[in-house]
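For reference, the chains in residue letters:
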Amino acid sequence: MVTRIPVTGDRPYDVVVGRGLAGELPSMIEGAARVAVLHPPALRARAEAVAAAAGAATVVPIEVPDAERGKSIEVAARCWDTLGEAGFTRTDVVVGVGGGATTDLAGYVAAAWLRGVRWVPVATSVAGMVDAAVGGKTAVNIAAGKNLVGAFHPPAGVICDLDALDTLPAADIAAGLAEVVKGGFIADPRILELIEADPAAALDPRGDVLRELVERKIRVKADVVGVDLLESGLREILNYGHTLGHAIERHEKYTWRHGDAIAVGLIFAAELGRLTGRLDEATAARHRTVLESLGLPTAYRADAFDDLLPAMRVDKKARAATLRFVVLDGLAKPGILAGPDEDVLRAAYAAVAR
Ligand SMILES: NC(=O)c1ccc[n+]([C@@H]2O[C@H](COP(=O)([O-])OP(=O)(O)OC[C@H]3O[C@@H](n4cnc5c(N)ncnc54)[C@H](O)[C@@H]3O)[C@@H](O)[C@H]2O)c1
Ligand SMILES: O=C(O)C(=O)C[C@@H](O)[C@H](O)[C@H](O)COP(=O)(O)O
Ligand SMILES: [Zn+2]
């Protein structure tokens, strides 16, 4: 069974979810004479299988460093050199095969090449399928912070072949589910009920529960980015848990999984909502129990707050000196908390300090 989730907007496309989806690529790369296939070393075989579906197009394989090590301007520049050598034109297509880090890089390579060529993320991780590959947010990291250089560049289509999850380490499945939990709290509480009913089933890559969770979270994201691609307002809700989460990732020099850092960030954000009188105690506490049930981290170093605060200031939601956080005014009622006192931030941090 193949599920097609439409993403609306000026450049609409489908997110295709299913198994054995090689046949989906040709329509997304139609008219391309060249297809560059970016992938990390561990996914070479999968990338070759994807490339085999490119038909008559010339395939330009580009192996990139794994995970966040690939999300750099230097790696992007190497990719652009390769596209130049291959004579890549505006009708050619960049395909990213991998987790969210690889598809963020591939999308940015495509967004900047000739000021924008088509691209297709073939997501191979849970985080990639439910979040990174959908919505056209592409980026690399720089010394100043996470995802600070990038572009909004919607893909031509998104392929989420659930068969890929068979080889994804269990810890990466759990980390990807942090983004699914985020979707549950900001928009679709059924997600939370499904996880609470059977966390082990949620983590099983062959099971129907994970598939339903993946599809539900994609729909949450599609509904948001379809009306606010450029993050002019509504899209900010997708950043729930990310202000502290990104600061932790940077503090750990990107050795933590994104989803692990977001799990801690979600608990912090829930506590911010509770302390400012916007979120009820039970819903705040539910963040911890759901994330714990998936084995995700819920705490970070108590001594790190003074380093994390300046890192949070480079968050893209900040406006001048004003830090802005996504918080909840209730289940599935996201809002913005602007300029909380540092005392409140410290008090919320106490909820995750170890
Ligand atoms: N653009 C967006 O809207 C958006 C949304 C969410 C996350 N992200 C970004 O995505 C990244 C997190 O995504 P991620 O968790 O997929 O990270 P990742 O790409 O680093 O993948 C995690 C690890 O899993 C491996 N892997 C991926 N698929 C595999 C498979 N099928 N089998 C075996 N190993 C596999 C990768 O090689 C890597 O080692 C972060 O950089 C985050 O900032 C972006
Ligand atoms: O798509 C979005 O918008 C998101 O915020 C989704 C996040 O899960 C994702 O990690 C995104 O890359 C964060 O964006 P950033 O603008 O804070 O870098
Ligand atoms: Zn994220």
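Residues numbered from 1 in each chain as written. Chains lettered and ligands numbered in written order. Predicted model: local features only at pLDDT ≥ 70, side-chain atom pairs only at ≥ 80, totals over all residues. Heavy atoms only, no water.

Peer 1: Looking at this structure, I do not really get the overall build of the protein chain. What am I missing?
Peer 2: Counting its regular elements, the protein chain contains 14 helices and 11 strands. The C-alpha radius of gyration computed for the protein chain amounts to 19 Å, which stays within 12% of the reference 20 Å derived for 354 residues, consistent with globular compactness. Projecting the C-alpha coordinates of the protein chain onto the three principal axes gives extents of approximately 60 × 40 × 35 Å. Residues classed as buried in the protein chain amount to 57% of the 354 residues present. Across the protein chain, every contact between residues at least 6 apart in sequence was considered, and the portion connecting residues at least 24 apart equals 73%. Element-wise, carbon and sulfur atoms account for 52% of the exposed surface of the protein chain, whose accessible area totals about 13700 Å². (Helix = DSSP H or I, 4+ residues; strand = E, 2+ residues; numbered from the N terminus. Rg over C-alpha atoms; globule rule 2.2 N^0.38 Å. Buried < 20%, exposed > 50% of the residue type's maximum accessible area, 1.4 Å probe, protein only. Contact = heavy atoms within 4.5 Å. Areas by Shrake-Rupley, 256 points an atom, 1.4 Å probe, with all protein chains shown as cover.)

Peer 1: How do you make sense of the site of ligand 2 when you look at a structure like this?
Peer 2: Ligand 2 sits among 13 residues. The nearest are Lys 137, Lys 221, Arg 235, Asn 239 and Lys 316. Contact distances for ligand 2 include 3.1 Å between an oxygen atom and a side-chain N or O atom of Glu 179. Between ligand 2 and the protein, one listed contact pairs an oxygen atom with a side-chain N or O atom of Asn 239 at 2.9 Å. For ligand 2, the accessible surface in isolation is 430 Å², of which the surrounding protein chains cover 93%. Mapped onto the shell around ligand 2, the elements with two or more residues apiece are α6 (170–186) and α10 (242–251). Of the residues in the shell around ligand 2, the class split is one nonpolar, five polar and seven charged. Lining the shell around ligand 2 are residues from two domains, each supplying at least three of them: domain 1 (2–164) and domain 2 (170–351). (Near = heavy atom within 4 Å. Polar contact = N/O pair within 3.5 Å; in protein donor to acceptor, adjacent residues only side chain to side chain. Nonpolar A, V, L, I, M, F, W, Y, C, P; charged D, E, K, R; others polar. Domains from an automatic or database assignment.)

Peer 1: Where do I start with the domain arrangement of the protein chain in this structure?
Peer 2: By convention, interface size is frequently given as the accessible area that disappears when the constituent parts associate. Annotation of the protein chain at the domain level lists domain 1 (2–164) and domain 2 (170–351). Taking only C-alpha atoms, the centre of domain 1 and the centre of domain 2 are 25 Å apart. With 32 residues of domain 1 at the interface, the matching set in domain 2 holds 31 residues. Its largest share of buried area at the contact with domain 2, domain 1 owes to Val 126, Val 130 and Lys 146, together 22% of the area lost on that side. Our enumeration of links across domain 1 and domain 2 arrives at six salt bridges. Between Lys 221 and Asp 131 there is a salt bridge, and its shortest N-O distance comes to 2.6 Å. Counting the contacts that link domain 1 with domain 2 gives 15 residue pairs in polar contact (both at pLDDT 80 or more). (Buried area = accessible area lost by both parts, 1.4 Å probe. Salt bridge = Lys/Arg side-chain N within 4 Å of Asp/Glu carboxyl O.)

Peer 1: Looking at this structure, I do not really get the site of ligand 1. What am I missing?
Peer 2: Taken together, 25 residues sit near ligand 1, with Asp 66, Glu 68, Thr 124, Ser 125 and Thr 167 positioned nearest. Lys 71 is positioned such that a nitrogen or oxygen atom in its side chain is 3.0 Å from an oxygen atom of ligand 1. When ligand 1 sits alone it has 850 Å² of accessible area, and the protein chains cover 89% of it. Looking at the shell around ligand 1, the elements that each hand over two or more residues are α4 (100–112), α5 (126–132), β8 (145–152) and α6. In this structure, the shell around ligand 1 is formed jointly by two domains, domain 1 (2–164) and domain 2 (170–351), each of which donates at least three residues.

Peer 1: Is there a simple way to explain helix α2 (residues 44–51) in this structure?
Peer 2: Residue pairs spaced three or four apart in an α-helix point in one direction, given the helix's 3.6 residues per turn. The complete set of buried residues in α2 reads Ala 47, Val 50 and Ala 51. Seen end-on, α2 carries its buried residues on one side only, within an arc spanning 100 degrees. (Arc of directions from axis to C-beta.)

Peer 1: For this particular structure, what's the right way to read the pattern of salt bridges?
Peer 2: When the charged atoms of two side chains lie near each other, side chains of opposite charge can form a pair. Taken as a whole and judged by the stated rule, the model has 30 salt bridges. A salt bridge links Glu 68 to Lys 146; the nearest nitrogen and oxygen atoms lie 3.0 Å apart. Of this pair, Glu 68 sits in the loop between β4 (58–63) and α3 (73–86) while Lys 146 sits in strand β8, placing them 78 residues apart in sequence. In this structure, Glu 236 engages Arg 324 in a salt bridge whose closest nitrogen and oxygen atoms are separated by 3.0 Å. On the criterion of sequence distance, the pair formed by Glu 236 in the loop between α9 (208–225) and α10 and Arg 324 in strand β10 (residues 324–328) is long-range, its members being 88 residues apart. When salt bridges with common partners are traced through the structure, they connect Asp 131, Glu 179, Lys 182, Lys 217 and Lys 221 into a single cluster.

Peer 1: For this particular structure, what's the right way to read the side chain of Glu 231?
Peer 2: Looking at the element boundaries, Glu 231 is found in the loop between α9 and α10. Classification of Glu 231 by relative accessible area gives buried; the value is 13%. At 2.6 Å, the side chain of Glu 231 forms a polar contact with the side chain of Lys 137. Setting aside its immediate chain neighbours within four residues, Glu 231 contacts Lys 137, Phe 152, Glu 236 and Lys 317.

Peer 1: It is not clear to me how the UniProt feature "domain: 3-dehydroquinate synthase C-terminal" (unreviewed entry) in the protein chain should be interpreted in this structure. Could you clarify?
Peer 2: Mapped onto the present numbering, the UniProt feature "domain: 3-dehydroquinate synthase C-terminal" (unreviewed entry) falls on residues 176–318. In the segment residues 176–318, helix accounts for 64% and strand for 0%; the C-alpha atoms at its two ends are 25 Å apart. (UniProt positions renumbered as here; feature names shortened; annotations may be inferred.)

Peer 1: What exactly am I supposed to notice about empty space enclosed by the protein here?
Peer 2: If a probe as big as a water molecule is rolled over the atoms, it shows which places are left empty. Applying the stated criterion across every chain, the model contains two cavities of 30 Å³ or more. In this model, the largest cavity occupies a volume close to 90 Å³. Around the largest cavity sit Gly 145, Lys 146, Leu 148, Thr 243, His 246, Ala 247, Arg 250, Ala 311, Met 312, Val 314, Asp 315 and Lys 316, which together line it. Looking at the lining of the largest cavity, the elements with two or more residues in it are β8, α10 and α13 (305–312). Of the residues forming the lining of the largest cavity, the biggest block, four residues, is contributed by α10. Of the residues assigned to the lining of the largest cavity, the class counts are five nonpolar, three polar and four charged. Volume-wise, the second largest cavity comes out at about 30 Å³. Lining the second largest cavity, in full, are Asn 239, Gly 241, His 242, Thr 243, Leu 244, Gly 265, Phe 268, Ala 269, Phe 325 and Val 326. Looking at the lining of the second largest cavity, the elements with two or more residues in it are α10, α11 (258–275) and β10. (1 Å grid on protein atoms, 1.4 Å probe; cavity = no way out; pocket = protein on both sides within 12 Å on 5 of 7 lines; lining within 4 Å. Points joined across faces, edges and corners; volume = space filled by probe spheres on them.)

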